[in-house]
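This is what each chain is made of:
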Amino acid sequence: MNSCTATNPTAPYPIIASCWLLETILAQIVCFFDTIERLIYPYVTLIVIVSTVWSISQYGIINGTTFGIPLGLVMSLVYGIVIILAMFAIGISLWLVLIPLYFIAASCRWQLPSVLEQNPVVAKWIVSWDRGWQEQQSAMQLVAWLAIGGLLGCWLGG
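Residues numbered from 1 in each chain as written. Predicted model: local features only at pLDDT ≥ 70, side-chain atom pairs only at ≥ 80, totals over all residues. Heavy atoms only, no water.

> Even after reading the chapter, I still don't get the packing of helix α1 (residues 13-59) against helix α4 (residues 120-127), so can you show me in this structure?
Packed helices, taken two at a time, are described by their axes: the angle between them and the distance between them. Between α1 and α4, the least distance of the axes is 9 Å, while the angle of their chain directions is 70°. By the criterion of interaxial angle, the relationship of α1 to α4 is roughly perpendicular. At the point where α1 passes α4, the crossing takes the left-handed sense. Between α1 and α4, the residues in contact are A27, V30, C31, D34 and E37 and V121, V122, K124 and W125, respectively. (Axes fitted to C-alpha atoms, helices over the stretch in contact; angles between N-to-C directions. Helix = DSSP H or I, 4+ residues; strand = E, 2+ residues; numbered from the N terminus. Parallel < 35°, antiparallel > 145°, perpendicular 65-115°, else oblique. Left-handed = near helix turned anticlockwise from the far one by under 90°. Contact = heavy atoms within 4.5 Å.)

Now the structure itself:
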């Protein structure tokens, strides 16, 4: 039995709800990568200060400073990489779930919610995508561009 009808352009409610929820979470992941671009330096500074203070309280001023600063840099790098990879994996997983829903909706010509298009951060990234790759970028901006580009590239292709 074919559930696609030409007279009903609206998708069934479970598909609409699923797409809305998944696109909302995906938009928040794009917002996370947009925010991380601005907050990476305060994050590294905070972790270095906390680890240095802890090291000074444990080992004294000279040994604590010598041990705390490299410890803070390594901790912020490792935790940052783990968080970025986890968020990127969640985003890719959402796309893998959304792609079949998009194909079903496209084949049936159903209207789906457009959460990503309505999100101002996602819209900003889509508009500035071409312009941003032509300008000089820092390493953190390139990581953010790569993550958001990968996520939005799946969406634009789907």
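Next comes the rest of the description.
> Before we go on, may I ask you to explain the side chain of S76 in this structure?
Along the chain, the position of S76 falls in helix α2 (residues 61-108). A residue is classified by how much of its surface remains accessible, and S76, at 5% relative accessible area, is buried. Excluding anything up to four places from it in sequence, S76 contacts Y43, V44 and I47. (Buried < 20%, exposed > 50% of the residue type's maximum accessible area, 1.4 Å probe, protein only.)

> Which parts of the structure should I look at to understand the packing of aromatic side chains?
Two descriptors summarise a pair of aromatic rings, namely the distance from one centre to the other and the angle between the planes of the rings. Under the counting rule described, the total for this entry stands at 4 aromatic pairs. Both rings, one in F32 and one in F33, keep their centres 5.2 Å apart while their planes meet at 70°; by these two values the pair is edge-to-face. With a relative accessible area of 23%, F32 lands in the partly exposed category. Classification of F33 by relative accessible area gives buried; the value is 0%. Aromatic pair W54 and Y59: ring centres 6.2 Å apart, planes at 90°, arrangement edge-to-face. Of the residues examined, Y59 reaches a relative accessible area of 47% and is grouped as partly exposed. Three or more aromatic residues joined by ring pairs make a cluster, and in this case those are W54, Y59 and F67. (Phe/Tyr/Trp six-rings, centres within 6.5 Å; stacked < 30°, edge-to-face > 60°.)

> Where do I start with the confidence of the model for the protein in this structure?
Note that predicted coordinates carrying low pLDDT should not be read in detail. In the predicted model, the protein carries a mean pLDDT of 78, and the fraction of residues at 70 or more is 75%. When pLDDT is averaged over each helix and strand of the protein, the minimum, 56, is found for helix α5 (residues 129-134) and the maximum, 88, for α1. (pLDDT = per-residue confidence, 0-100.)

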